[in-house]
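Breakdown of the fold
One-letter residues, chain by chain:
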Amino acid sequence: MKKTSISVKRRAVCAAENILMYIAVGLTTLLLVGILCYIFYRGLPNITWELLTSEPSVIRGINGILPNILNTLYIILFTLIIVLPLGVGAAIYLNEYARNRKLVKIIELATETLAGIPSIIYGLVGLLFFVQFCSLGTSLIAGAMTLVIVTLPTIIRTTQESLKTVPQSYREGSLALGAGKWHMIRTVVLPSSVNGIVTGCILAVGRIVGESAALLYTAGVANEIMGIIEAAKPGSGGSTLTIALYMYAKERGEFDIAFAIAAILLLLTLIINIGAKLAGKKLKK
Amino acid sequence: MNKAKKLLSLFEKTMHILFAACGLVAVAFVLIITGYLIISGLPAIKEIGLKEFLLGRVWASTATDPRFGILPFICTSVYGTLAAIVIGVPVGLLCAIFLAKMAPKKIAAVFRPAVDLLAGIPSVVYGLVGMILLVPAVREAFGLADGANLFSAIIVLAIMILPSIISVSETALCAVPKEYEEASYALGATKTETVFKVVLPAAKSGIAAAVVLGIGRAIGEAMAVMMVAGNVANMPSLFKSVRFLTTAVASEMAYSSGLQRQALFSIALVLFVFIMLINVLLNFVIKREKK
């Protein structure tokens, strides 16, 4: 290959395209590094033991985000408990049971539609349906139910993908040995696809941790420490980390705490992303 | 023995029905969402009048003589989304090209998780950074009284749609058959020419899907926009405080009542219609790609 055969004009166009590309990549990198550094720079110094372990109190002049941390954990727990059987069940149906092509298409279309709906609409419908119609009140459980809808597509899709990777011969072998269908799924198919389900859970946790618009009017903005039993009751609302960040930054102008929460959220995102990657890698093996 | 068999088959049938029910839950959710939005969104539109509601230029929901025109919100959402796409798509696409075709393996191995991280950052965090860094910067740079305006919102939206555009178009670029590239090289094209003139056009429907997905993301984003757009119901102008469809719903929900509250549901219905149209478009684009 002789470079001399390329005209000046072609070379100039190539160079321009390359330069544009590197500018875009540089911009994106700069953006990410900038956001990360700025948030850690403003946030990490404000993360103190007291902040992490106390309840906010105006009288004692204490700021604390323990209730928000607990609420986030509760919501993750409640959501996963409900969405996991539903999502995995739906994926099993789609992949193992369904004979009716039309029904499969409808379910898949519904899942895709759910994935495209913005969270503010989920929040509104959550408010109408779970908070008011099911009279759960502004509560963690109403928030968790709303997030079940939000995370359902993720769980279904990842589970379905991992179910597809289970070799057909496993199923045939199991059935040939006289196993019933459910027995076959429980003992052969599900254990081989557990990594995909774990990946789905991690992605769902990421979505829950970052969710705000769907929770603002369903889970409320309270900042009190609750035990897990109390938190599961209808009517006991509380704000998660994201909602707390929003309230501190937008409504109360306390940016130090907001940045501390942002730094914690970023760390969580980082951990979740690494976790998902590790689980995904295991899946590929 | 026969009895046990019957019991077993009954059990299997129950399991089958149980799993089918799980699958139908997703359908039920879509129906609930659609149903609730229509039922709660229509009364206000009926009372205000469809034309007045969609084309009215004044939103004064708490005035003594309340006006409910949502044209400012619709226009803001459309302009904001389009502008974010105009900025975000070229940058995202170039990054995707870099990731898919140009980057050395080691750099791609760092850049890809970085994009994933960008995608995972919660929207309130983007909002916070926008509020503290971008809004004052915009105010200084353009000599405005307030930096919380459409321009800031567009920048934040462009950043937020970047990761999804990058990852979807990267997938599309990687799906282009190797033979295309080899043929192009055989004809004497350089690597850059091959990527930009052969691979990129071949991946165009996948890239179209990325753009549509980006539109959906941008039009549905609420919290980050609420923190940087100023939240005043103006007709859109680059350096004015504006309100999007999403933020119009979110900002008044907490204290609304009566017709005002119903009007908010109507706004949500309009937003939902937009999203559904985008979904249909996305499905159409993906289907065409599969062919």
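A quick note: this is a predicted structure, and the numbers were derived from the prediction, not measured.

**Description of the overall build of chain B**
- Looking only at helices and strands, chain B has 12 helices and 2 strands in total.
- Over its C-alpha atoms chain B spans a radius of gyration of 24 Å, topping by over 25% the 19 Å that the globule rule assigns to 291 residues.
- Taking the principal axes of its C-alpha atoms as reference, chain B extends roughly 75 × 70 × 35 Å.
- Looking at chain B as a whole, 55% of its 291 residues are labelled buried.
- Sequence-distant contacts, at least 24 apart, represent 71% of the contacts inside chain B between residues at least 6 apart.
- Accessible surface for chain B amounts to roughly 13100 Å². Of this, 68% is attributable to carbon and sulfur atoms.
- Averaging the locations of the 25 positively and 15 negatively charged side chains of chain B gives two centres separated by 9 Å.

**Quick look at the overall build of chain A**
- Each helix and strand counted, chain A has 13 helices and 0 strands in total.
- In sequence order, chain A lays out its α and β elements as α-α-α-α-α-α-α-α-α-α-α-α-α.
- Taking 2.2 N^0.38 as the reference for a compact globule, 285 residues should give roughly 19 Å; the C-alpha atoms of chain A span a radius of gyration of 24 Å, well beyond that estimate.
- Considering chain A as a whole, with its 285 residues, one finds that 52% of them fall into the buried category.

**Structural notes on the packing of helix α3 (residues 66-97) of chain A against helix α9 (residues 194-210) of chain A**
Residues and elements named next belong to chain A.
- Contact geometry of α3 with α9 gives a least axis separation of 10 Å together with a crossing angle of 140°. In terms of orientation, α3 and α9 fall into the oblique class. Classified by chirality, the crossing of α9 by α3 is right-handed. Only I197, C201, A204, V205, I208 and V209 of α9 make contact with α3, whose side of the interface consists of T72, I75, I76, T79, L80, L84 and V88.

**A look at α3 of chain A**
- The terminal C-alpha atoms of α3 of chain A, which comprises 32 residues, lie 45 Å apart, in line with the 46 Å expected from a rise of 1.5 Å per residue.
- Residue V83 of chain A marks the point of greatest curvature in α3 of chain A, where the axis turns by about 30°; the proline P85 of chain A follows within four residues.

**Digging into a nonpolar patch on the surface**
Residue and element names in this part refer to chain A.
- On the surface, a cluster of nonpolar side chains totalling about 430 Å² of accessible area is made up of L44, L267, L270, I274 and L278.
- Summarising the element assignment, L270 is placed in helix α13 (residues 255-284).
- Relative accessible area serves as the criterion here: at 34%, L270 is assigned to the partly exposed category.

**Considerations on the pattern of salt bridges**
- Going through the model one piece at a time under the given rule, you end up with 9 salt bridges over all chains.
- A salt bridge links R10 of chain A to E193 of chain B; the shortest N-O distance between them is 2.6 Å. Placement of R10 of chain A in helix α1 (residues 8-43) and of E193 of chain B in helix α8 (residues 191-202) is noted, with the two residues assigned to different chains.

**Re the state of the cysteines**
- Using the criterion set out here, one finds 0 disulfides over all chains in the structure.
- Unpaired in terms of disulfides, C134 of chain A finds its nearest cysteine sulfur in C22 of chain B, a separation of 18 Å.
- Overall, C134 of chain A belongs to the partly exposed group, its relative accessible area being 32%.

**A look at the domain arrangement of chain A**
Residue and element names in this part refer to chain A.
- Its domain assignment divides chain A into domain 1 (3-46) and domain 2 (51-284).
- Inter-centroid distance (C-alpha atoms) of domain 1 to domain 2 is 35 Å.
- Each side of the interface is counted separately: domain 1 has 8 residues, and domain 2 has 9 residues.
- Interface area, domain 1 with domain 2, both sides summed: about 790 Å², of which 79% is carbon and sulfur.

**Structural notes on the packing of aromatic side chains**
- For the coordinates displayed, the defined rule picks out 15 aromatic pairs over all chains.
- Seen from their ring centres, F129 of chain A and F130 of chain A are 5.0 Å apart, and the 75° between their planes marks the pair as edge-to-face.
- For F129 of chain A, a relative accessible area of 14% puts it in the buried group.
- Taken together, a centroid distance of 5.6 Å and an interplanar angle of 45° make the contact between F151 of chain B and F239 of chain B tilted. Residue F151 of chain B is found in helix α6 (residues 150-174), and its partner F239 of chain B is found in the loop between α10 (223-228) and α11 (245-253); the two are separated by 88 residues along the sequence.
- Grouping aromatic residues by their ring pairs yields a cluster made of F129, F130 and F133 of chain A together with Y36 of chain B.

**A look at unusual backbone geometry**
- Residues other than glycine seldom take positive phi values, yet S135 of chain A does so here, at roughly 40°.
- With respect to the secondary-structure elements, S135 of chain A resides in the loop between α5 (119-133) and α6 (140-164).
- Overall, S135 of chain A belongs to the exposed group, its relative accessible area being 56%.
- Of note in this structure, N231 of chain B is not a glycine but carries a positive phi near 65°.
- If you trace the backbone, N231 of chain B turns up in the loop between α10 and α11.
- The buried category is assigned to N231 of chain B, whose relative accessible area is 17%.

**Overview of the interface of chain B and chain A**
- Taken together, the contacts link 72 residues of chain B with 76 residues of chain A.
- Counting the surface lost from both chain B and chain A, the interface buries some 6600 Å², and carbon and sulfur atoms represent 81% of this.
- Per-residue buried area on chain B facing chain A is highest for F19, Y36 and L117 of chain B; these three make up 10% of the total on that side.
- Taken together, the connections running from chain B to chain A amount to 2 salt bridges.
- Linking chain B with chain A are 8 residue pairs in polar contact (both at pLDDT 80 or more).
- With 19 residues, helix α1 (residues 2-48) of chain B is the single largest residue contributor to the side of chain B that touches chain A.
- A class-by-class count of the residues in the side of chain B that touches chain A yields 55 nonpolar, 13 polar and 4 charged.

**Some thoughts on the packing of α1 of chain A against α8 of chain B**
- One can describe the packing of α1 of chain A onto α8 of chain B by two numbers: an axis separation of 9 Å at closest approach and a directional angle of 70°. When the axes of α1 of chain A and α8 of chain B are compared, the pair comes out roughly perpendicular. Residues R10, C14, E17 and N18 of chain A of α1 of chain A form the contact with α8 of chain B, whose own contacting residues are T192, E193 and F196 of chain B.
- Here the residues of the contact of α1 of chain A with α8 of chain B are counted per class, giving 2 nonpolar, 2 polar and 3 charged.

**Brief notes about the nonpolar core**
- Formed by 162 residues in total, the largest nonpolar core has its most connected members in L114 and L245 of chain A together with I33 and I267 of chain B.
- In terms of domain composition, this core takes at least three residues from each of domain 1 (3-46) and domain 2 (51-284) of chain A.

**A look at the environment of L173 of chain B**
Residues and elements named next belong to chain B.
- Tracing the chain through its elements places L173 in helix α6.
- Along the primary structure L173 and I215 are separated by 42 residues, whereas in three dimensions their C-alpha atoms are 20 Å apart.
- Aside from chain neighbours lying at most four places away, what touches L173 is A96, I97, A100, K101, V199, L200, A203 and I207.

Thresholds applied
- Residues numbered from 1 in each chain as written.
- Chains lettered and ligands numbered in written order.
- Predicted model: local features only at pLDDT ≥ 70, side-chain atom pairs only at ≥ 80, totals over all residues.
- Heavy atoms only, no water.
- Helix = DSSP H or I, 4+ residues; strand = E, 2+ residues; numbered from the N terminus.
- Rg over C-alpha atoms; globule rule 2.2 N^0.38 Å.
- Buried < 20%, exposed > 50% of the residue type's maximum accessible area, 1.4 Å probe, protein only.
- Contact = heavy atoms within 4.5 Å.
- Areas by Shrake-Rupley, 256 points an atom, 1.4 Å probe, with all protein chains shown as cover.
- Lys, Arg positive; Asp, Glu negative; His and termini not counted.
- Charge placed at Lys NZ, Arg CZ, Asp CG, Glu CD.
- Axes fitted to C-alpha atoms, helices over the stretch in contact; angles between N-to-C directions.
- Parallel < 35°, antiparallel > 145°, perpendicular 65-115°, else oblique.
- Left-handed = near helix turned anticlockwise from the far one by under 90°.
- Expected span 1.5 Å × (residues − 1).
- Bend = angle between axes of the 7 residues up to and from the residue.
- Patch = residues over 30% accessible without salt bridge, like charges linked within 9 Å, V, L, I, M, F, W, Y side chains within 5 Å.
- Salt bridge = Lys/Arg side-chain N within 4 Å of Asp/Glu carboxyl O.
- Disulfide = S-S within 2.5 Å.
- Domains from an automatic or database assignment.
- Buried area = accessible area lost by both parts, 1.4 Å probe.
- Phe/Tyr/Trp six-rings, centres within 6.5 Å; stacked < 30°, edge-to-face > 60°.
- Polar contact = N/O pair within 3.5 Å; in protein donor to acceptor, adjacent residues only side chain to side chain.
- Nonpolar A, V, L, I, M, F, W, Y, C, P; charged D, E, K, R; others polar.
- Core = buried A, V, L, I, M, F, W, Y, C linked by side-chain atoms within 4.5 Å.

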